[in-house]
Amino acid sequence: MPVTTMNGRAIQVNDEGFLTEYDEWDEDLAKVLAQNIDIDLTDAHWKVIRFLREDYRTQGETATTRRVQTVGGVPTKEQFTLFPKKPAKKMAYIAGLPKPHGCV
Amino acid sequence: MRQLVVLGGGTAGTIAVNKLRPRLPRDEWTITVVDQSDTHYYQPGFLFIPFGIYRPDEMVKPRKRFIPSGVELVEAEIDRIVADDNKVLLVGGQELPYDYLVIATGTTPRPDQTPGMTEDMGGSVHEFYTYDGATRLAEKLATWEGGHLVVHVTEMPIKCPVAPLEFTFLAESFFSDRGMRDRVEITYVTPLEGAFTKPVSSKYLGSMLDERKIVLEPDFMVESIDPEAKTLVSFDEREIAYDLLVTVPINMGANAIARSGLGDDLNYVPVDKETLLSTAHSNIFAIGDASNIPASKAGSVAHFSMDLFPENFVRHLQGLPMTAKFDGHANCFIETGHGKALLIDFNYDTEPLPGKYPLPGVGPFSLLKETAVNHWGKVMFRWIYWNVLLPGRKTPLPALMSKAGKQMENTVEPTATASGQHNRKG
């Protein structure tokens, strides 16, 4: 697995640049990850990202857009506004989590 | 007497009882299967009905014919499972207590979950995942004069994830054969980033769409359908107009699972992906499409996992660790039209790759390659399904996936970020 440097420290990522170690993420790193994909983080973004982090900690897998809507309380439409085109992938990327399942 | 209750007499449930009955002594164990209908459908055949290749009545047999002696079949609808009391409540008030429960209630297309999808169903909107839907679509295609055909997948996971692609290829072949291909525009609309979920096969299948002049519209998450304007509308406000829409509605597990509090967001039962044991209850398993394992929702997955399940089940009853670990093995014939098909073989960790199957280097089937032999394999499979798979007889195919005979080509270029410039990964 590749290692990259962000915020002056070594970070483990996969071939697509997704973090592979849950504990290597922090909110400062999220800002860098968001910049990489041209997203300015607002409170609305943080609500989604904090939900994803907490949900992953208890569930062991990344929440789908459906779950972010039903459990996280952020409508799918809003997810598309906040994270254009590919919300599931972009939310996971910024939150330092694997891409959600469903791709099987 | 101890009691095993199996909910659902479809592919997984039927194979399970056929394999478990000989392993559980009849003077110690009763086995009961509950299903709401007396009909067992050969679901892989639904794909061929719209094109007049199979007749609807050829897809149907009585369910009880495949349930072995010594197993009671109860025809009833399930109200709910009361896991804390080890019992199942049936609609109408009957209660079935159990020592062990196997949930095999499958997954079902749910057009009611997408606004606007049901209004014109059977008119300009069709689906082929049900017996009635496939039959109606056959009637439609028999007289359709052409226009824009849109084949659409609502959301993953769906039952038999290759079927919408197969439908598209078969439609292209069907219109060519009828001499009307030039009067039909075909678009394939998917929420995925490419034609299929895994990179290597997505590339193969994507180029096959290109060759057939079929337009691919990826990353399309449908918000609603406007049946008046005949358009699909996405969450990011793209619109696709259709003359004939063939959609694959979102698939969900049984409502009874939700009512029982045993399901996830899509009513699938969370299980250990290697043993299929419920993560919440040590006397409940979920098999086939009903579980949340990250594998294809497909008969082949049910079949391969059922090669390992009976032995695990018996060990679990004896208090022993379950040693057979399921790897998510799936294989699927993909009809590509014009009398050919391709075959893919994969599991949780290894994506579909080119090669030969099941004998490395020999075949007779070719992986990720269109051949007539693959097509005949798919045609023969119907006989195998009724006569070998459902009765739980041994097949010469190993349960776990093998990498032998496969080309481990490294054609996937790494993508740097999630910026969406690389449209190949699923």
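Residues numbered from 1 in each chain as written. Chains lettered and ligands numbered in written order. Predicted model: local features only at pLDDT ≥ 70, side-chain atom pairs only at ≥ 80, totals over all residues.

**Student:** What is the right way to look at the overall build of chain B in this model?
**Tutor:** The helix and strand tally for chain B stands at seven helices and 24 strands. A globule of 426 residues ought to have a C-alpha radius of gyration of about 22 Å, and chain B, at 22 Å, matches this closely. For the C-alpha atoms alone, the extent of chain B along its principal axes is close to 65 × 50 × 45 Å. Relative to its 426 residues, chain B shows a buried fraction of 48%. Put simply, of all contacts in chain B between residues at least 6 apart along the chain, 66% involve residues at least 24 apart. (Helix = DSSP H or I, 4+ residues; strand = E, 2+ residues; numbered from the N terminus. Rg over C-alpha atoms; globule rule 2.2 N^0.38 Å. Buried ≥ 20, exposed ≤ 12 C-beta atoms within 10 Å, placed from the backbone. Contact = placed C-beta atoms within 7 Å.)

**Student:** I tried to follow unusual backbone geometry on my own but got confused; where do I start?
**Tutor:** Backbone geometry follows two general trends: most residues other than glycine have a negative phi, and most peptide bonds adopt the trans configuration. All names here are of chain B. Here the amide bond leading from Tyr 357 into Pro 358 is cis, since omega sits at -5°, within 30 degrees of zero. For Pro 358, the position within the fold is in strand 23 (residues 355-359). Phi at Lys 213 takes a positive value of approximately 60°, unusual for a residue other than glycine. Inspection of the secondary structure assignment puts Lys 213 in the loop between helix 4 (199-211) and strand 14 (215-217). Classification of Lys 213 as exposed rests on a count of 11 C-beta atoms within 10 Å.

**Student:** What's the story with the domain arrangement of chain B in this structure? I'm lost.
**Tutor:** Accessible area lost when the parts come together is the quantity often used to give the size of an interface. Residue and element names in this part refer to chain B. What the domain assignment lists for chain B is domain 1 (2-109 + 252-317) and domain 2 (111-251). Facing 17 residues of domain 1, the contacting portion of domain 2 comprises 25 residues. The element that contributes the greatest number of residues to the side of domain 1 that touches domain 2 is strand 10 (residues 107-109), accounting for three residues. Tallied by class, the residues present in the side of domain 1 that touches domain 2 amount to eleven nonpolar, four polar and two charged. (Domains from an automatic or database assignment. Nonpolar A, V, L, I, M, F, W, Y, C, P; charged D, E, K, R; others polar.)

**Student:** I tried to follow the sheet that holds strand 7 (residues 87-90) of chain B on my own but got confused; where do I start?
**Tutor:** Residue and element names in this part refer to chain B. Read across the open sheet, the three strands follow the order 6-7-8; overall the sheet is antiparallel. Only two strands of the sheet have a single neighbouring strand rather than two, namely strand 6 (78-82) and strand 8 (95-97). On average, each strand axis in the sheet is inclined to that of its neighbour by 20°, with strand direction left out of account. (Pairing = 2+ DSSP bridges. Axes fitted to C-alpha atoms, helices over the stretch in contact; angles between N-to-C directions.)

**Student:** How should the packing of helix 1 (residues 11-20) of chain B against helix 6 (residues 299-317) of chain B be read in this particular structure?
**Tutor:** Working note: a packed helix pair is described by the angle between its axes plus the distance between those axes. All names here are of chain B. At a closest axis distance of 9 Å, the pairing of helix 1 and helix 6 adopts a crossing angle of 30°. Classed by the angle they form, the pair helix 1 and helix 6 counts as roughly parallel. The chirality of how helix 1 crosses helix 6 is right-handed. Seen from helix 1, the contacting residues are Thr 11, Ala 12, Ile 15, Ala 16, Lys 19 and Leu 20; seen from helix 6, they are Gly 299, Ala 302, His 303, Met 306, Phe 309, Pro 310 and Phe 313. Residue composition of the contact of helix 1 with helix 6, by class: nine nonpolar, three polar and one charged. (Parallel < 35°, antiparallel > 145°, perpendicular 65-115°, else oblique. Left-handed = near helix turned anticlockwise from the far one by under 90°.)

**Student:** How do you make sense of the nonpolar core when you look at a structure like this?
**Tutor:** Side chains that are nonpolar tend, in soluble globular proteins, to be buried together. Val 5, Val 6, Ala 16, Val 102, Ile 103, Ala 104 and Ile 287 of chain B are the most contacted members of the largest nonpolar core, which has 119 residues in total. In terms of residues, this core owes the most to one element, helix 6 of chain B, which gives seven residues. Of the domains in this structure, domain 1 (2-109 + 252-317) and domain 2 (111-251) of chain B are the two that each give at least three residues to this core. Once residues lying within four places of it in the same chain are set aside, the contact partners of Ile 287 of chain B are Ala 12, Ala 16, Val 102, Ala 104, Leu 276, Ala 302, Ser 305 and Phe 309 of chain B. Counting residues in hydrophobic clusters, the runner-up holds 21 residues, among them Leu 19, Leu 33, Ile 39 and Val 48 of chain A. (Core = buried A, V, L, I, M, F, W, Y, C linked by C-beta atoms within 7 Å.)

**Student:** Would you explain the pairing of strand 2 (residues 9-12) of chain A in this entry?
**Tutor:** Side-chain direction in a regular strand flips from residue to residue, so the side chains alternate between the two faces of the sheet. All names here are of chain A. Relative to strand 2, strand 1 (residues 3-6) runs antiparallel, the two sharing four bridges. Residue pairing across strands places Met 6 opposite Arg 9, the latter belonging to strand 2. Counted between consecutive antiparallel strands, the loop separating strand 1 from strand 2 contains two residues, among which Asn 7 sits at a positive phi close to 50°.

**Student:** Explain the sheet that holds strand 18 (residues 244-248) of chain B to me, please; I cannot follow it from the model alone.
**Tutor:** Either a parallel or an antiparallel arrangement is found when strands of a sheet pair, and the pairing is made through backbone hydrogen bonds. Residues and elements named next belong to chain B. With parallel pairing, the five strands of this open sheet are ordered in space as 11-18-12-13-14. Of all the strands in the sheet, the pair left with one neighbour each is strand 11 (125-126) and strand 14. Relative to strand 14, strand 13 (residues 184-189) runs parallel, the two sharing three bridges. Counterpart to Thr 187 in the pairing with strand 14 is Val 215.

**Student:** Teacher, can you tell me more about the environment of Pro 157 of chain B here?
**Tutor:** Residue and element names in this part refer to chain B. With respect to the secondary-structure elements, Pro 157 resides in the loop between strand 12 (147-153) and helix 3 (163-177). Owing to 22 C-beta atoms within 10 Å, Pro 157 belongs among the buried residues under this scheme. Distance in space between the C-alpha atoms of Pro 157 and Leu 342 is 21 Å, their sequence separation being 185 residues.

**Student:** Explain the packing of helix 2 (residues 43-59) of chain A against helix 5 (residues 87-94) of chain A to me, please; I cannot follow it from the model alone.
**Tutor:** All names here are of chain A. At a closest axis distance of 9 Å, the pairing of helix 2 and helix 5 adopts a crossing angle of 75°. Between helix 2 and helix 5, the crossing angle belongs to the class labelled roughly perpendicular. When helix 2 is examined against helix 5, the residues Val 48, Ile 49 and Leu 52 are found in contact with a partner set consisting of Met 91, Ala 92 and Ile 94. Among the residues making up the contact of helix 2 with helix 5, the classes are represented as six nonpolar, no polar and no charged.

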